[in-house]
Structures are given as C-alpha cells and as structure tokens.
Amino acid sequence: MRIYLDNAATTPLDQEVFNAMTPYLLHHFGNPSSQHEQGREARQAIEACRATIAGLINALPEEIIFTSGGTEADNTAIMSAVHAHQVQHVITTRFEHHAVLHTLKSLESKGVITVKFISYNSQGELNLDHLESLLQQHRNSLVSVMHANNEIGNLNDIEYIGELCHKHGALFHTDTVQTIGHYQHDLQKLKIHFLAASAHKFHGPKGVGFLYCRKGTRLSQLIHGGGQEGSLRAGTENIHGIVGLTKALQLAYAHLDEHQQYIQELKYHLIDRLVDAIPDVKFNGNSAESVKSLYTVLNVSFPALYGVRGLLRCLDQEQVSVSGGSACSSGSVSHVLSALNADITRENIRFSFSKLNTKAEIDQVIDVLTHIYTLVAA
Ligand code: PLP
C-alpha cells in the first residue's frame, strides 16, 4: 500500500465531507441567484455555510467571501490593499507562497508598489524589530506574512504582528492556508484585515476557499461579472464546494485537539526514528522545534545520495509519496530553502502528515530510508 505523506500539498477528501456535498451535485442544483424555490434553497445553503464558517473563526458572516481557493484569496487581499486602499508599500517575507510573492512581484514590476522583506535568522525566524522599523519608515503599508510556512513549517506570531500593524496604521494580510482547520483562529482577538484559507488542506474539496475581510476594510473586485458575493466576486457560486469546505472545517474544529496531539506524536516519532537510523540527518528551518513549527510538517535534510536518481524518486518507487518542497513549484529549487541558504546538494524532503497516517507507516518509511542509505554506503 502506498504511503501518503504529502498532506501539505493536499489532503484526501473526508467521506463525511463527500456525503455532505453529493446532494448539492445531484439534487439541490439550483443557481443561488435564481428567483425560484430551487434558487432560494441554494442561496440559503450558501448563507448557512457563511454563518457556520464565521462562527468557527469568530468573525461576522459578511466578512467571509468564498473564493476558488487560497491563491485567489491571497490575490484579492493584495489587490484590494493596493486598489481600494492605495497602499504603496508592501512588507512581506522571502518565505511566502508564490500566490503572494508573484502577485507582489508583478505589481512591483509595474511600478505600483515597493516591496520590502523582513530580515530573518538562519532558522528562518523573522526579525520583528526589523518589521517595526520598516513600518516606521513606510506609512500606508500592507504587511503580508503567512501564519505557517508550507515547506518548513515555521510558525509566525500573527498575534504580535497584528498588534504592530495596528500600532503603525498598516493593513495586515495573513495567508493561513496551512493553519486554518489545524489551529483555532479568533478573528475578534487577532488584528487582521485579510486572511486566506483553502479547503483542500483540511480534507475538503479542491478549488474552494475563502477570504476573510474585516468589516470596514474595503475590497476591490478581482473577477468581474455578475453580482455574486455582494458584487465582490463574480461567477456562479461553487455550491457543493462551499458545502464541502464548511463540513470539512466543522469536522476539523470538532476534533482539533485530538488530531493535533495524534499528528504531533507521529511527527516526533519520525524525528526520533530518523535521528537514530540515518547518520548526519538535519532539519530545515524550525521544522523540528515543537511550538515554533506546524505540527503537520517536517522538512528533513538528508545526506547527499551521489550517483542515485534522487531521494524523492527513490521514495516514490518504494511507494512513499513525499515532496521536495511546495507542490506548486515542483521541479525547481525551492525559494524557501534558497532563502534559508539550505544546502541544496543534500536531499531535502518535506514529510507532511494528516490524521490518516499511522506510526506503522512512519516505521515503514524508516525501513525504506535505511535500506536506501545502506545501499549507498555499501
Ligand atoms: N498559500 C499556501 C501557504 C499554500 O500552501 C497554498 C497551497 O499549496 C496556497 C497558498 C494556494 O492555495 P490553493 O491551492 O487553494 O490555491
């Protein structure tokens, strides 16, 4: 049986989520904008989902805008800051997902904004004093800092960053694609203007997510057309996706502590077994530090495998699915590992876990790795 340890790329759909979605594909197929009973029924379902999601993160229903996923939510947040708030400076990190970095690069190349990067140490920890000095130098800024990095798992202190932004009158966008459904977020407490989330990272369907936009913060439309989502996001709503997203988030929060503890134990088990089994194994960023990293991600730096076709491919041949970095940039050198100055002559592998993994699978992966490294040493 193949072992799937690439859950930061995507997670398998939960059966219960699938069950919740199917009636909206087969029976309740009405267009939410239609003025008849089937349309009204679809509209009610969407508004009920919006209220449920808002309740789960302590936000208001009108602060939730459904999108096609994390990428669209990130793009909308940044474009809104620039076009609806006339932000001229964006302060961000070298570790953001390309959904943020490429959007900023495109705006910078057109002369619309300047982009400043927060400095960091060799573990990838952000220097928040530097963030504060950038905020002092650049008025009318947007700060875009992810909650947790999808490759190395480093967690950023979005509570404190929100306080800094508030103190200096800056807008704050955070990409929580890797943490919504894995950590509790209280939007009444956090000083956040925009937040991006995506269903397929917590056992929901692909192609659906949401943008949280704090009441009073203006949005500009990214996709033009009909009047859906309060004229903020045109296009007939992905109703079965929205229902799946909501069900997946409800399930994630209903079992949060239990899953967190279970997955964290799997991660520690892998760390312990790797340290024992593979000489000279290292960990990238803060990924092996418990409270400083996402419990679902472990980024390992293995010794180089000279003359072999790469550890990722060896593992794939041995029925183990892992990743070299972000799934969106597979094949190229990871911008996150480059920013960290990680040794890319070594074999850098991201293991990412879900509630469906087991200790027996971790032990099997260790057997495979031990076999590969014994062959190389022979
Ligand atoms: N942001 C982060 C941190 C991610 O990990 C991802 C997906 O890998 C995205 C954004 C993009 O989300 P989506 O696949 O829903 O567009």
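In this text, all values refer to a predicted model and were calculated from it rather than measured experimentally. (Residues numbered from 1 in each chain as written. Predicted model: local features only at pLDDT ≥ 70, side-chain atom pairs only at ≥ 80, totals over all residues. Heavy atoms only, no water.)

**A look at the site of the ligand**
Residues in contact with the ligand amount to 13 residues; listed here are only the nearest, G70, T71, D175, S198 and K201. One of the backbone N or O atoms of G70 is found 2.8 Å from an oxygen atom in the ligand. Side-chain polar atom of S198 to an oxygen atom of the ligand: 2.6 Å apart, as the coordinates give it. Protein burial of the ligand: of its 390 Å² of free accessible surface, 89% is covered by the chains. (Near = heavy atom within 4 Å. Polar contact = N/O pair within 3.5 Å; in protein donor to acceptor, adjacent residues only side chain to side chain. Areas by Shrake-Rupley, 256 points an atom, 1.4 Å probe, with all protein chains shown as cover.)

**Regarding the pattern of salt bridges**
Following the criterion strictly, the structure yields 15 salt bridges and no others. With a shortest N-O distance of 3.0 Å, R43 and E47 are connected by a salt bridge. A residue pair is termed a helical-turn pair when its members lie 3 or 4 positions apart in one helix, as R43 and E47 do in helix α2 (residues 37–56) at four residues. Take E47: its relative accessible area is 32%, and that puts it in the partly exposed class. Between E62 and K215 there is a salt bridge, and its shortest N-O distance comes to 4.0 Å. Here K215 lies in the loop between β8 (209–213) and α7 (228–231) and E62 lies in the loop between α2 and β2 (64–67), a separation of 153 residues in the sequence. Of the two residues, E62 and K215, neither departs from the other in class, the shared state being exposed. (Salt bridge = Lys/Arg side-chain N within 4 Å of Asp/Glu carboxyl O. Helix = DSSP H or I, 4+ residues; strand = E, 2+ residues; numbered from the N terminus. Buried < 20%, exposed > 50% of the residue type's maximum accessible area, 1.4 Å probe, protein only.)

**Description of the packing of aromatic side chains**
The final tally for this structure, using the stated rule, is four aromatic pairs. Ring pairs connect the aromatic residues F302, F351 and Y373, which therefore count as one cluster. For R94, the ring lying beneath its charged end belongs to F117, and the centroid distance is 3.7 Å. (Phe/Tyr/Trp six-rings, centres within 6.5 Å; stacked < 30°, edge-to-face > 60°. Lys NZ or Arg CZ within 6 Å of the ring centre and 35° of its normal.)

**Things to note about α2**
Along its 20 residues, α2 runs 29 Å from first to last C-alpha, staying within 8% of the 28 Å computed at 1.5 Å per residue. Regarding α2, the residues found buried are G39, A42, A45, I46, C49, R50, I53 and A54. Directly beyond the C-terminal end of α2, a positive phi value near 55° is found at N58. (Expected span 1.5 Å × (residues − 1).)

**Notes on the domain arrangement of the protein chain**
By domain assignment, the protein chain separates into domain 1 (3–11 + 255–371) and domain 2 (15–254). Put simply, the middle of domain 1 and the middle of domain 2, counted by C-alpha atoms, are 27 Å apart. On the side of domain 2, 35 residues touch domain 1, which itself brings 33 residues to the contact. Together, the buried faces of domain 1 and domain 2 total about 2,800 Å²; carbon and sulfur atoms form 49% of this surface. Per-residue buried area on domain 1 facing domain 2 is highest for T11, L256 and L294; these three make up 21% of the total on that side. Where domain 1 touches domain 2, the interface holds one salt bridge. In this structure, K292 engages E125 in a salt bridge whose closest nitrogen and oxygen atoms are separated by 3.2 Å. Sorting the residues of the side of domain 1 that touches domain 2 by element identifies α9 (256–277), β10 (297–302) and α11 (335–340) as the ones contributing at least two each. A total of five residues in the side of domain 1 that touches domain 2 trace back to one element, the largest contributor, which is α11. Its residues assigned to classes, the side of domain 1 that touches domain 2 comprises 13 nonpolar, 17 polar and three charged. (Domains from an automatic or database assignment. Contact = heavy atoms within 4.5 Å. Buried area = accessible area lost by both parts, 1.4 Å probe. Nonpolar A, V, L, I, M, F, W, Y, C, P; charged D, E, K, R; others polar.)

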